[in-house]
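# Reading the structure
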Amino acid sequence: MIEVTFQPATIGDLDFAHDVTKANMESLVDKHYGGWDSEIFKSGFGSNLEYIIFADGEKIGFMSYSIEEDRKLFLRNLQLVKEKQGQGFGTIVMKKLENVALKSGCESLILAAFPDNPAYRFYKGLKYLDTESRGTLIMMKKNLIEPRGSGDQSP
Ligand SMILES: CC(C)(COP(=O)(O)OP(=O)(O)OC[C@H]1O[C@@H](n2cnc3c(N)ncnc32)[C@H](O)[C@@H]1OP(=O)(O)O)[C@@H](O)C(=O)NCCC(=O)NCCS
């Protein structure tokens, strides 16, 4: 079983984080926002909790998230290098992140996706539900804790 781990990103990881995000997202960002701007990405680096993702010690991706008010973990960016996509790593990352959320006291995980990004179907498959539109993005949410009183009431 391949071990997937998260290590806090440092400023030395900025180029990797930028390059993997640009390689994956440039055409979508171009379509939705009219062009990729590296400065926007670079100036935002360090504002959230940022991690490099490893699989058996090999660097395979980058993610960032924040812990929001009302017990939500907001996944702000998740990017795997192209060679490592479609092999189940994203699913493992999301399961681990849901555990991180629960350990951080969060009750739900939220994220934003372009509906024309294949990632949108990836999140749907992991039971993330649409909540609202934000511009051309769709906000998605998964409750990680059963609402009180919704459990099986049978003796
Ligand atoms: C989105 C991403 C994190 C998913 O991780 P992944 O490791 O590629 O996904 P998995 O291999 O775990 O896929 C799990 C399921 O998601 C779905 N899925 C994944 N990629 C898909 C794609 N390109 N098109 C359609 N469905 C897809 C499939 O249903 C797959 O199930 P299967 O194994 O039965 O085929 C990864 O592909 C990625 O980094 N993409 C580019 C960046 C991006 O779009 N990030 C999200 C920004 S919101």
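Structural data are supplied above this passage.
Below you will find a few notes about this structure. Position labels on residues start from 1 in each chain and follow its written sequence. In keeping with the predicted nature of the model, local features appear solely for residues at pLDDT of at least 70, side-chain atom pairs appear and are counted solely at 80 or more, and the whole-chain, interface and lining totals rest on all residues.

## A look at the overall build of the chain
Each helix is a run of H or I in the DSSP string that is no shorter than four residues. Each strand is a run of E no shorter than two, and both are numbered from the N terminus. Counting secondary structure elements, the chain contains four helices and seven strands. Order of helices (α) and strands (β) in the chain, N terminus to C terminus: β-α-α-β-β-β-α-β-α-β-β. With respect to the principal axes defined by its C-alpha atoms, the chain has extents near 55 × 35 × 30 Å. Burial is judged by counting the other C-beta atoms within 10 Å of a residue's own C-beta: 20 or more makes it buried, 12 or fewer makes it exposed, and any count in between marks it as partly exposed, with every C-beta position built from the backbone. Looking at the chain as a whole, 21% of its 155 residues are labelled buried.

## A few points about the sheet that holds strand β3 (residues 58–68)
Judged by pairing direction, the sheet is mixed, and its seven strands sit side by side in the order β1-β2-β3-β4-β5-β7-β6 without closing on themselves. Because the sheet does not close on itself, it has two edges, and the strands there are β1 (4–8) and β6 (129–134). Taking each pair of neighbouring strands and ignoring which way they run, the sheet shows an average axis angle of 30°. Two elements, β6 and strand β7 (residues 137–143), share five bridges in a ladder whose sense is antiparallel. If you follow D130 over to β7, its bridge partner there is M140. Packing against the sheet, helix α3 (residues 89–103) makes contact with β1, β2 (49–55), β3, β4 (72–80) and β5 (108–113), and its axis sits at approximately 155° to β4. By this definition, two strands are paired if DSSP reports at least two bridges between them. Angular values range over 0 to 180 degrees, each being the angle between N-to-C directions of two axes fitted as lines to C-alpha atoms, with helices fitted over their stretch in contact. Two residues qualify as being in contact provided that their C-beta atoms, derived from the backbone, are within 7 Å of each other.

## Let's talk about the environment of I110
Mapped onto the fold, I110 is located in strand β5. Taking the C-beta count within 10 Å as the criterion, I110 has 19 such neighbours and is therefore assigned partly exposed. Here the alpha-carbon distance between I110 and K141, two residues 31 residues apart in the chain, equals 4.4 Å. Residue contacts for I110: discarding those within four places in its chain leaves K72, F74, M139, M140 and K141.

## Overview of the site of the ligand
For each residue, a C-beta atom is positioned from the backbone; the residue is called near a molecule or strand if that atom sits within 6 Å of it. Contacts to the ligand come from 18 residues, most closely from L80, G90, T91, P118 and A119. Broken down by element, the residue count for the shell around the ligand peaks at five residues, all from helix α4 (residues 118–125). The residue inventory of the shell around the ligand, partitioned by class, reads seven nonpolar, ten polar and one charged. Lys, Arg, Asp and Glu make up the charged group, whereas Ala, Val, Leu, Ile, Met, Phe, Trp, Tyr, Cys and Pro make up the nonpolar group; the residues left over, Gly among them, are polar.

## Thoughts on the environment of T91
By the secondary structure assignment, T91 is in helix α3. For the pair T91 and K127, spaced 36 residues apart in the sequence, the C-alpha separation amounts to 12 Å.

## Here we look at α3
Given a rise of 1.5 Å per residue, 15 residues ought to cover 21 Å, and the 21 Å separating the end C-alpha atoms of α3 matches this to within 8%. All of the buried residues in α3 are G90, V93, M94, L97 and A101. Looking straight down α3, one finds that the buried residues subtend no more than 95° of arc, so they occupy a single side. Along α3, the residues that are exposed and aim more than 90 degrees away from the buried face are K95, N99 and K103. Summarising the contacts, the buried residues of α3 are in contact with β1, β2, β3, β4, β5 and α4. Positive phi appears at G105, one or two residues downstream of α3, with a value of about 85°. Multiplying 1.5 Å by the residue count of a helix minus one yields the expected span of that helix. Arc definition: it is the arc formed by the directions from the helix axis to the C-beta atoms.

## Concerning the nonpolar core
Side chains of nonpolar character tend, in soluble globular proteins, to be buried together. Note on terminology: a nonpolar core is any set of buried Ala, Val, Leu, Ile, Met, Phe, Trp, Tyr and Cys residues joined through C-beta atoms within 7 Å. In this structure, I53, F62, M63, L75, L109 and L111 are the most contacted members of the largest nonpolar core, which totals 25 residues. Of all the secondary-structure elements, those providing two or more residues to this core are α1 (14–33), β2, β3, β4, α3 and β5. When sequence neighbours within four positions are dropped, the list of residues in contact with I53 reads V4, F6, I60, G61, F62, M63 and V93.

## Overview of unusual backbone geometry
You will see that D56, though not glycine, has its phi angle at about 50°, which is positive. Phi is positive for K127, which is not a glycine, with a value near 75°. Of note, K127 is situated in the loop between α4 and β6. The exposure class assigned to K127 is exposed, which follows from the 9 C-beta atoms found within 10 Å.

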